Amino acid sequence: MEEVILVEQSLKLTGEVHLSGAKNAVLVIMASLLLVKGKSILKNVPHSADVDQMSKLLESLGAIVKFDAAMHTLEVDATNVENYSIDHGAMRKMRASVLVMGPLLARLGKIALTYPGGCVLGKRPIDYHIKNFKRMGVTIHEDDNFLTAVTDCLQARRLVLEYPSVGATENILMAATLTTGVTEIVNAALEPEVIDLIDALRKMGARIEFKSPATILIEGVSKLNPIEHTIICDRLEAGTFLLAAAVTGGEIFIPEIDPGIMDVFLLKLEEMGHIVKSGAGVGGIAFKAARYPRAVSFKTAPYPGFPTDLQAPMMVAQCLAEGESTIEEFVYENRLMHAQELLKLGAQIKVGGHTANVTGVSELYGADVVATDIRAAAALAIAGLAAHGCTVISGVNHFRRGYDQLDVKLQALGAKINIMHSDSLKLKHSKWAREELL
Ligand code: EPZ
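This is a predicted model, so every value here is computed, not measured.

**Student:** Would you mind going over the site of the ligand with me for this structure?
**Tutor:** Surveying the vicinity of the ligand reveals 21 residues, the closest of which are R95, D127, S165, V331 and R375. At 2.6 Å, a side-chain N or O of D127 approaches a nitrogen atom of the ligand. The fraction of the free accessible surface of the ligand (820 Å²) that becomes covered by protein chains is 89%. Only α1 (23-32), α5 (127-135) and α6 (166-176) provide two or more residues apiece to the shell around the ligand. Considering each element in turn, the shell around the ligand owes the most residues, three residues, to α5.

Written out as structure tokens, the structure reads:
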């Protein structure tokens, strides 16, 4: 029986919200633990479907994984890792599975996998990963969609990324930590989640330095040691809460986030007229929604530009702002599908190529919509909070993949949002309807 997310118009989200660990940091750091013959401990780990999936993948390779969901603590003992074949299901379910490639090449000298499924965002190839592993002395055999990579000895090279790919940077980085010599990654991705990975690798004993403008230098060592590491807070979850408050005229406080990793996004919120307080004396971000927000335009870019993973939720805020907004998605070839779903709620959006032109409207109206990816699910939930009546969102798996109880955290701020089986929709809806009448 299908589960859906039922969202009812919820005015003025208010209160303090605590963030989970960042999905895009914890997945790669879990993969990096394959570099260590020993038991490591990760803290502030979100309990999400993707973390469960990565845990299963590590176990399939021979690691012992224990997750205390209540304490958000994960133990990974990668002492006995001999298997190098990634099962097809893992690759199909989660693209981040490709992040075990670098660690396995460094540890075992081989890996067999199927290409990660393209997804709705586009082809999402791994050619930058492959090209650079070949430069490091890896022999790649490909047939249809199976890929085997083998190396007797990884070689340190000066590697130039044609695009600052997060995954390619992370995969090469992890392989280079145990590669004799100095590996250089030029035009590297420097997202906060990449930096958290580097912090974890340095704790293991890796020798990693930065060189301007965006170069990472890694001097290989012979052995890495088990660590205890706390995952950074999720800036994308923080952005989701801020936008939920923005569209409901709310006022929230997020104590744990470092505003310094969200500058462009926060700049855009301020340009809309919202009040964003941070820095000395605030400790985190204090946010108060503008009564009549102004529409702003923005384009997505690699960090520190506007994060593509906040593009969909930010589009919702433009749908309800005064004026016109031009949104340009430059990171993915096809990450504007949520616009079609927002049109069902009464938004005014014209999509052409990489660009969405939004004309703000004063009201949205609840409807049945479909989430196409993790961030589209968050965006539709935010839209449902502002829309009159009920919005029913299918594609709950996306919501569960990317967040740890986002619905529960939103409820604590006053949101009427529930994940339920589709057949109990009627009961819940009538209960809220009765409450409205009281
Ligand atoms: C990471 O994906 C994140 N996922 C994504 O978050 C995020 O959107 C993306 O970085 C950009 O910030 C994780 O960290 C698990 P890329 P990744 O390599 O590493 C193209 C979310 O919602 N490309 O920087 O796959 C690619 O198709 C997810 O949390 C190639 O062409 O991103 C895309 O258009 C979605 N060839 C662009 O580069 C390659 O070999 C950026 O990809 C690799 C990538």
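**Student:** Whenever I open this one, the environment of I130 confuses me. Can you help?
**Tutor:** Here I130 is to be found in helix α5. With 38 residues separating them in the primary sequence, I130 and A168 have C-alpha atoms 8.7 Å apart. Sequence-distant contacts of I130, that is, excluding residues within four places in its chain, are made with M101, I140 and L147.

**Student:** Please clarify how the domain arrangement of the protein chain should be interpreted in this entry.
**Tutor:** Accessible area lost during the coming together of the parts is what is often quoted as the interface size. On domain assignment, one finds that the protein chain holds domain 1 (3-20 + 233-437) and domain 2 (23-221). On a C-alpha basis, the centres of domain 1 and domain 2 stand 31 Å from each other. Taken residue by residue, the interface counts 25 residues in domain 1 and 22 residues in domain 2. Taking both sides of the interface into account, the surface hidden between domain 1 and domain 2 amounts to around 1,800 Å²; carbon and sulfur atoms contribute 50%. Summed over the shared surface of domain 1 and domain 2, the number is two salt bridges.

**Student:** Sorry if this is basic, but what is going on with the sheet that holds strand β21 (residues 368-370) here?
**Tutor:** In any sheet, the strands associate via hydrogen bonds between backbone groups, in a parallel or an antiparallel arrangement. Here four strands make up an open sheet; going across it, the order is β21-β22-β1-β23 and the pairing mixed. Of all strands in the sheet, those with a lone pairing partner are β21 and β23 (416-421), marking the two edges. Across the sheet, the axes of successive neighbouring strands diverge by a mean angle of 25 degrees, strand direction being ignored. Pairing between strand β1 (residues 3-8) and β23: six bridges, direction antiparallel. In the strand pairing of β23, L6 is matched with N418. Of the strands in this sheet, β1, β21, β22 (390-394) and β23 are in contact with helix α12 (residues 374-386), which crosses β1 at around 35 degrees.

About the cut-offs
- Residues numbered from 1 in each chain as written.
- Predicted model: local features only at pLDDT ≥ 70, side-chain atom pairs only at ≥ 80, totals over all residues.
- Heavy atoms only, no water.
- Near = heavy atom within 4 Å.
- Polar contact = N/O pair within 3.5 Å; in protein donor to acceptor, adjacent residues only side chain to side chain.
- Areas by Shrake-Rupley, 256 points an atom, 1.4 Å probe, with all protein chains shown as cover.
- Helix = DSSP H or I, 4+ residues; strand = E, 2+ residues; numbered from the N terminus.
- Contact = heavy atoms within 4.5 Å.
- Domains from an automatic or database assignment.
- Buried area = accessible area lost by both parts, 1.4 Å probe.
- Salt bridge = Lys/Arg side-chain N within 4 Å of Asp/Glu carboxyl O.
- Pairing = 2+ DSSP bridges.
- Axes fitted to C-alpha atoms, helices over the stretch in contact; angles between N-to-C directions.

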